[in-house]
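# Chains, contacts and geometry: an overview
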Amino acid sequence: DTAVSQTPKYLVTQMGNDKSIKCEQNLGHDTMYWYKQDSKKFLKIMFSYNNKELIINETVPNRFSPKSPDKAHLNLHINSLELGDSAVYFCASRGTKYNEQFFGPGTRLTVL
Amino acid sequence: AQRVTQPEKLLSVFKGAPVELKCNYSYSGSPELFWYVQYSRQRLQLLLRHISRESIKGFTADLNKGETSFHLKKPFAQEEDSAMYYCALSNAGGTSYGKLTFGQGTILTVHP
């Protein structure tokens, strides 16, 4: 009965490769997000989708392309991976009662 | 623009001592503020939201609009409180669809 799930949990890959991270929420929320947590533990929003529509794109390189096939899923595809993309990527979805966000377990991406 | 500042990157206390994690914000509208906690290598979990004025795990936080602060307090720290704490601000509506802006985080270590 996990609320927000992500796969994979760990991802190790070479520079230049293309990879995807998947996120699913079973909370019935309309809005989902991707956040990046860098090596200094700083968290920054990347994207947000509301009911399958992109609503926030925070000056992320266009190598990153989110896709929302339905409102329960928000995937993140990354082309031509670079060393600086190494981070933990968190997916989240937003409740409607108090505007709080529920986070997935994170995907630790390591680019070699 | 919305901004959250947590001035202390690291905070160490002994078990049973009071603890206060500072958070200041800047935001032109009416903010919604949250404290999230991240235990070692786990997902972010909501600890407190200002709107509900609750106490969770002995922690409280009061929104002070005059000082633009939302400090997190606990009168008697426990070893299991050791974690990373993030203060976050949300724009509930408008064009930002509730995106969270996080502070830099404070690592709390409670010594036995």
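As a reminder, the structure under discussion sits directly above these lines.
Okay, so let's go over this structure. (Residues numbered from 1 in each chain as written. Chains lettered and ligands numbered in written order. Predicted model: local features only at pLDDT ≥ 70, side-chain atom pairs only at ≥ 80, totals over all residues. Heavy atoms only, no water.)

### Regarding the sheet that holds strand 3 (residues 19-21) of chain B
Residues and elements named next belong to chain B. The line we're drawing: In short, DSSP must find at least two bridges between two strands for them to pair. Each helix corresponds to a stretch of at least 4 residues labelled H or I by DSSP, and each strand to a stretch of at least 2 residues labelled E; elements are numbered beginning at the N terminus.
Read across the sheet, three strands follow the order 3-8-7 without closing on themselves; strand pairing throughout is antiparallel. Edge positions in the sheet fall to strand 3 and strand 7 (60-61), since each has one partner strand and no second. Examined bridge by bridge, strand 7 and strand 8 (residues 72-74) share two bridges and lie antiparallel to one another. Across the sheet, the residue bridging to Ala-61 is Leu-72, located in strand 8.

### Points about unusual backbone geometry
In plain terms, the rule: Each residue is assigned to one of three classes by its accessible area relative to the maximum for its type, calculated with a 1.4 Å probe on protein chains only: buried under 20%, partly exposed between the two thresholds, exposed over 50%.
The residue after A:Thr7, namely A:Pro8, is reached through a cis peptide bond having omega -5°. For A:Pro8, the position within the fold is in the loop between strand 1 (4-7) and strand 2 (10-13). Of note, A:Lys52 is a non-glycine position whose phi angle comes to about 75°, a positive value. Positionally, A:Lys52 belongs in the loop between strand 5 (43-50) and strand 6 (53-57). Unlike most non-glycine residues, B:Thr68 shows phi in positive territory, near 45°. Position of B:Thr68 relative to the elements: it lies in the loop between strand 7 and strand 8. By relative accessible area, B:Thr68 is classed as partly exposed at 29%.

### Topic: the environment of A:His29
Residues and elements named next belong to chain A. Operational definition: The contact rule is simple, with two residues in contact once any of their heavy atoms fall within 4.5 Å. Nitrogen and oxygen atoms within 3.5 Å of one another constitute a polar contact, given that in protein one can donate a hydrogen and the other can accept it, and given that sequence-neighbouring residues count only through two side-chain atoms.
One can find His-29 in the loop between strand 3 (19-25) and strand 4 (31-37). Sequence separation of His-29 and Arg-94 is 65 residues, and the distance between their C-alpha atoms is 6.1 Å. Aside from chain neighbours lying at most four places away, what touches His-29 is Lys-71, Ser-93, Arg-94, Gly-95 and Phe-102. Among the polar contacts listed, one links the side chain of His-29 to the side chain of Ser-93, at a separation of 2.8 Å. In this structure the side chain of His-29 is engaged in a polar contact, spanning 3.3 Å, whose partner is the backbone oxygen of Arg-94.

### With respect to the state of the cysteines
For the record, the criterion: Disulfide assignment relies on a single distance test, namely cysteine sulfur atoms paired within 2.5 Å.
Scanning all chains against the criterion turns up two disulfides over all chains. Each sulfur in the disulfide pair A:Cys23 and A:Cys91 lies 1.9 Å from the other. As the torsion about the S-S bond is roughly -75°, the A:Cys23-A:Cys91 disulfide counts as left-handed. A residue pair is termed long-range when its members are at least 10 positions apart, and A:Cys23 in strand 3 and A:Cys91 in strand 9 (residues 87-94) qualify at 68 residues. As far as the burial class goes, A:Cys23 and A:Cys91 line up, both buried. The side chain of B:Cys23 participates in a disulfide bridge whose partner is B:Cys87; the two sulfur atoms lie 2.0 Å from each other. The sign of the S-S torsion, about -65°, decides the handedness of the disulfide formed by B:Cys23 and B:Cys87: left-handed. Here B:Cys23 is found in the loop between strand 3 and strand 4 (24-26), whereas its partner B:Cys87 is found in strand 9 (residues 83-90), with 64 residues between them in sequence. For B:Cys23, a relative accessible area of 0% puts it in the buried group.

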